[in-house]
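Each chain, written out:
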Amino acid sequence: MTIVAAGVVSAALMGVRLFVPQPVAMANNGDAQRLMCQIHADAARPPASSAQWYFVRFHYAILSHHTRCIDYPTTQYLQLRLTSWVHRHLLGLSGAIDTRELMVEYCVLVGVVIAVMAWLLRPVRLPLRIGLLAALFVVLADATFADYAGSPYSETTALYGLLVVAVAGVITVAHGQNRGRVIAFLVASVAAVFAVGAKNETVTLLVPLAALLGTRRVPIGRLRGRVGVRVLPALCVVALLATAGWSMAQESREDQEINTAQEVTMTLMPMVTDPGQLAVDFGLPRSFGQYSGTNWWSPNPIEDDPSFSHYRTRFSRSNLVRYFAEHPTMSARVFSGGADAYLTFRANYLGNYAADSGQPPQHQECRVCVVQGVAHAFKWSGFPGILVYWLACLAGAAWLIRTGSPNSRRRGFGLVTLTLLGSTVVQYATAVYGEGNEVTKHLAVAVFTAALAPVWIAAGALTPRSPSEPAAHPRLPRLGKLRQRTTTSQPDPQPTAL
């Protein structure tokens, strides 16, 4: 009953956080049209021109005419399609969708996750358990993440998928050969597929998620033995690879050009004293250096240059990878230079309120801003501070893995922490190397997994060891076992006659 109560209370509190006194989400930065078009929702109808960037739109009307949608592969389509069907056919409401329904779904997800976490933390003393659950809730309620719930962005699916993997992954590691482990593995696999396929930028999540799920041993039915237990994990990896391939194959050439061009003009050129020489190193005319600091939508953008069409093929991901490989010093500067965007934590140009809320344009809410407040407090530390944090999380994960037995919750929390940290690093690299525009917003997944990691470390550290788990000093148990084997190998002495 306590576990159910924890979930119900958490879902209710998240509802209050999102809806009271007014509902909050994130305004559209222009992505809504290509996302909502897929469920025949009209994101371009007035007041889109005024609401974009400044105000949140919750209700979307149905497209009045057939429109060819821009190719935008995302697994979030399934959630939007299902919610739209419920909105129109089950609830009988007007329009295509109301994103407040998506916000309710997030409240339910938070309740389920908190309840499962409460179940995992049963061995922990009640006061500490409540503290851990409260810390997790604070992360999930932070404005940086919670405001995605009712927003037209595909990052939402990646956040949800990683959250589910984080709890289901612990069960997958910690529950031996029982049926619950199989169910947890299947849930984690589906969630991982959703996370990888959320958008092109989340494809790199394939690496840490495949490392976690692909290395499990999951017996089911007759699939046992050394080979049988590897079948489900292998199928999971194949599904992740197929999802990543689908996402990359569906990416439009225009999106790749825009992302590459903005990485050149907004990230690389401003870092050097001679932008023209950088343009030459990238395979472009020296005159392209004049576009340093501009983006695709500037008054005089690079794509309007008369020579752009001739050099269009240079604006590709492969050419960007080539440049970074040939210029390791610049690669290192770009990597460390992402610290400012990372510690900014939250994009500050997207409003959180509806146009009729009475709030000024682009006004942002901060009902729960604990995590981003901590990040801002350490902004002075720059990339060295980020690196120290990552190494501390790595050390915590390694300690939990080293001191936890193979099928223990302690090791489960450690392996999941390692996966969260891996997700943080690959998403950080994807954002800082992939596109120079809206880097802070594109780091949402990286900062989310980074915020979850210490909660998982604390949960693993506070979970009592079982008698079979090693003690803090790794050598003592081995010496003890050696003495035990030595003792038991000797025959019992026979009594001698007096």
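Bear in mind the structure is a predicted one, so any value in this text is a computation, not a measurement.

Each value, and the rule that gives it
By convention here, each chain's residues receive numbers from 1 onward along its written sequence. Note on the predicted model: pLDDT of at least 70 is required for a residue's local features to be given, and 80 or more for side-chain atom pairs to be given and counted; whole-chain, interface and lining totals, by contrast, use all residues. Only hydrogens and water are removed before side-chain values are computed, so all heavy atoms of the structure are retained for them. Axis definition: a line fitted to C-alpha atoms, over the contacting stretch in the case of helices. Angles run 0 to 180 degrees between N-to-C directions. Only runs of H or I of at least four residues qualify as helices and only runs of E of at least two qualify as strands under DSSP, and these elements are numbered from the N terminus. When an angle is under 35 degrees it counts as roughly parallel; over 145 it counts as roughly antiparallel; between 65 and 115 it counts as roughly perpendicular; any other value is oblique. Throughout, a crossing is termed right-handed when the near helix is turned clockwise from the far one, and left-handed when it is turned anticlockwise from it by less than a right angle. Here a residue-residue contact requires only that any non-hydrogen atoms of the pair lie within 4.5 Å. When residues are grouped by polarity, Ala, Val, Leu, Ile, Met, Phe, Trp, Tyr, Cys and Pro land in nonpolar, Asp, Glu, Lys and Arg in charged, and all others, Gly among them, in polar. Only buried residues count toward a nonpolar core, which is a set of Ala, Val, Leu, Ile, Met, Phe, Trp, Tyr and Cys residues joined through side-chain atoms within 4.5 Å. In this scheme, a residue with accessible area under 20% of its type's maximum is buried, one over 50% is exposed, and one in between is partly exposed, where area comes from a 1.4 Å probe on protein chains only. Patch definition: residues with relative accessible area over 30% and no salt bridge; like charges joined within 9 Å; nonpolar side chains (Val, Leu, Ile, Met, Phe, Trp, Tyr) joined within 5 Å. For accessible areas, the Shrake-Rupley method is used with a probe of radius 1.4 Å. Any residue's cover is judged against the shown protein chains and nothing else. When a carboxyl oxygen of Asp or Glu is within 4 Å of a side-chain nitrogen of Lys or Arg, the pair counts as a salt bridge. Put plainly, a pocket is an open set of points on a 1 Å grid over the protein atoms alone with protein on both sides within 12 Å along at least five of seven lines, a cavity is a set where a 1.4 Å probe fits but cannot get out, and a lining residue has an atom within 4 Å of a point. Grid points are joined across faces, edges and corners, and a volume is the space filled by probe spheres set on the points. Two strands make a pair as long as DSSP finds a minimum of two bridges between them. Centres within 6.5 Å are what make two rings of Phe, Tyr or Trp a pair, Trp counting through its six-membered ring; a difference in plane orientation under 30 degrees is then read as stacked, over 60 as edge-to-face, and the rest as tilted. A positively charged side chain is recorded as over a ring if its NZ (Lys) or CZ (Arg) lies within 6 Å of the ring centre. The angle to the ring normal must also be within 35 degrees.

**Q** Which parts of the structure should I look at to understand the packing of helix H9 (residues 179–196) against helix H12 (residues 231–249)?
**A** Two quantities define a packed helix pair, namely the angle between the axes and the distance from one axis to the other. Two numbers describe how H9 lies on H12: the axes approach to 9 Å, and their chain directions differ by 15°. Taken together, the axes of H9 and H12 are roughly parallel relative to one another. For the pair H9 and H12, the sense of crossing is right-handed. Taking contact as the criterion, the partners of Val 182, Phe 185, Ser 189, Ala 192, Val 193 and Val 196 in H9 are, on H12, Leu 232, Pro 233, Cys 236, Ala 239, Leu 240, Thr 243 and Ala 244. Residues of the contact of H9 with H12, tallied by class, amount to 11 nonpolar, 2 polar and no charged.

**Q** Help me understand the nonpolar core in this model?
**A** Side chains that are nonpolar tend, in soluble globular proteins, to be buried together. Met 117, Tyr 342 and Trp 456 are the most contacted members of the largest nonpolar core, which totals 123 residues. With near-sequence residues (within four places) excluded, Met 117 lies in contact with Leu 133, Leu 136, Val 167, Phe 413, Trp 456 and Ala 459.

**Q** Hey, could you run me through the packing of helix H6 (residues 126–141) against helix H22 (residues 444–462) in this one?
**A** Contact pair H6 / H22: the axes reach a minimum separation of 10 Å and the direction vectors enclose 175°. By the criterion of interaxial angle, the relationship of H6 to H22 is roughly antiparallel. Every residue of H22 that contacts H6 at Leu 128, Leu 132, Ala 135, Leu 136, Val 139 and Leu 140 is listed here: Phe 448, Ala 451, Leu 452, Val 455, Trp 456, Ala 458, Ala 459 and Leu 462. Looking at the contact of H6 with H22 residue by residue, the class counts come to 14 nonpolar, no polar and no charged.

**Q** Could you clarify how one ought to interpret a nonpolar patch on the surface in this entry?
**A** A contiguous nonpolar patch, built from Leu 82, Trp 85, Leu 90, Leu 91 and Leu 93 and spanning about 540 Å² of accessible area, is present on the exposed surface. With relative accessibility at 55%, the residue Leu 82 sits in the exposed group.

**Q** What am I meant to see in the pattern of salt bridges here?
**A** Pairing between side chains of opposite charge can happen when the charged atoms of each approach one another. One pass over the structure, following the stated rule, counts 12 salt bridges. With a shortest N-O distance of 2.8 Å, Arg 17 and Glu 365 are connected by a salt bridge. Within this pair, whereas Arg 17 is found in helix H1 (residues 2–19), its partner Glu 365 is found in the loop between helix H17 (339–344) and helix H18 (370–377), the two being separated by 348 residues in sequence. The exposure classification of Arg 17 matches that of Glu 365, with both residues buried.

**Q** Would you mind going over the layout of surface pockets with me for this structure?
**A** The gaps of empty space that remain are located by a probe, the size of a water molecule, rolled over the atoms. Volume-wise, the largest pocket comes out at about 690 Å³. Lining the largest pocket are 26 residues, with Asp 31, Arg 34, Asp 255, Ile 258 and Trp 297 sitting closest to its centre. Of all elements in the fold, only helix H2 (32–36) and helix H13 (253–268) reach the threshold of two or more residues within the lining of the largest pocket. Tallying contributions element by element places H13 first for the lining of the largest pocket, with 4 residues. Counted by class, the lining of the largest pocket contains 7 nonpolar, 10 polar and 9 charged residues.

**Q** What exactly am I supposed to notice about the environment of Arg 411 here?
**A** With respect to the helices and strands, Arg 411 occurs in helix H20 (residues 409–434). In sequence terms Arg 411 and Arg 181 are 230 residues apart; their C-alpha atoms lie 15 Å from each other. When near neighbours in sequence (up to four residues on either side) are disregarded, Arg 411 contacts Val 173, Leu 400, Ile 401, Gly 404, Ser 405 and Pro 406.

**Q** It is not clear to me how unusual backbone geometry should be interpreted in this structure. Could you clarify?
**A** The general pattern is negative phi for most residues beyond glycine and trans for most peptide bonds. The omega torsion of the bond from Val 20 to Pro 21 falls at 0°, within 30 degrees of zero and hence cis. Relative to the assigned elements, Pro 21 resides in the loop between H1 and H2. One non-glycine residue with positive phi stands out, namely His 40, at about 60°. Mapped onto the elements of the fold, His 40 is located in the loop between H2 and strand S1 (41–42). Take His 40: its relative accessible area is 42%, and that puts it in the partly exposed class. Despite not being glycine, Trp 53 has its phi angle at roughly 75°, a positive value. Along the chain, Trp 53 turns up in the loop between helix H3 (48–51) and strand S2 (59–62).

**Q** In this structure, what is going on with the sheet that holds S1? I would like to understand it.
**A** The pairing of strands in a sheet happens through backbone hydrogen bonds and is either parallel or antiparallel. Spatially, 3 strands are ordered S1-S2-S3 in an open sheet, and the strand pairing comes out antiparallel. Only two strands of the sheet have a single partner each, and these edge strands are S1 and strand S3 (97–98). Relative to S2, S1 is paired through 2 bridges, and the arrangement is antiparallel. Within the sheet, the bridge partner assigned to Asp 42 lies in S2 and is Ala 61.

**Q** Explain the packing of aromatic side chains here, please?
**A** Centre-to-centre distance and the angle between the planes together describe a pair of aromatic rings. The final tally for this structure, using the stated rule, is 21 aromatic pairs. Ring geometry for Phe 145 and Phe 448: centres 5.0 Å apart, planes at 70°, overall edge-to-face. Separated by 303 residues along the polypeptide, Phe 145 in helix H7 (residues 143–146) and Phe 448 in helix H22 bring together distant segments of the chain. The same class applies to Phe 145 as to Phe 448, namely buried. Ring geometry for Phe 288 versus Tyr 291: centroids 5.9 Å apart, planes at 90°, classification edge-to-face. Across this residue pair, the class does not change: Phe 288 and Tyr 291 are buried. Three or more aromatic residues link up through ring pairs in this structure, and these residues are Phe 282, Tyr 323, Phe 324, Phe 335, Tyr 342, Phe 383, Trp 390, Tyr 428 and Tyr 433. Stacked on the ring of Trp 119, the Lys or Arg Arg 409 has its end atom at 5.0 Å from the ring centre.

So yeah, pure geometry; function would need other evidence.
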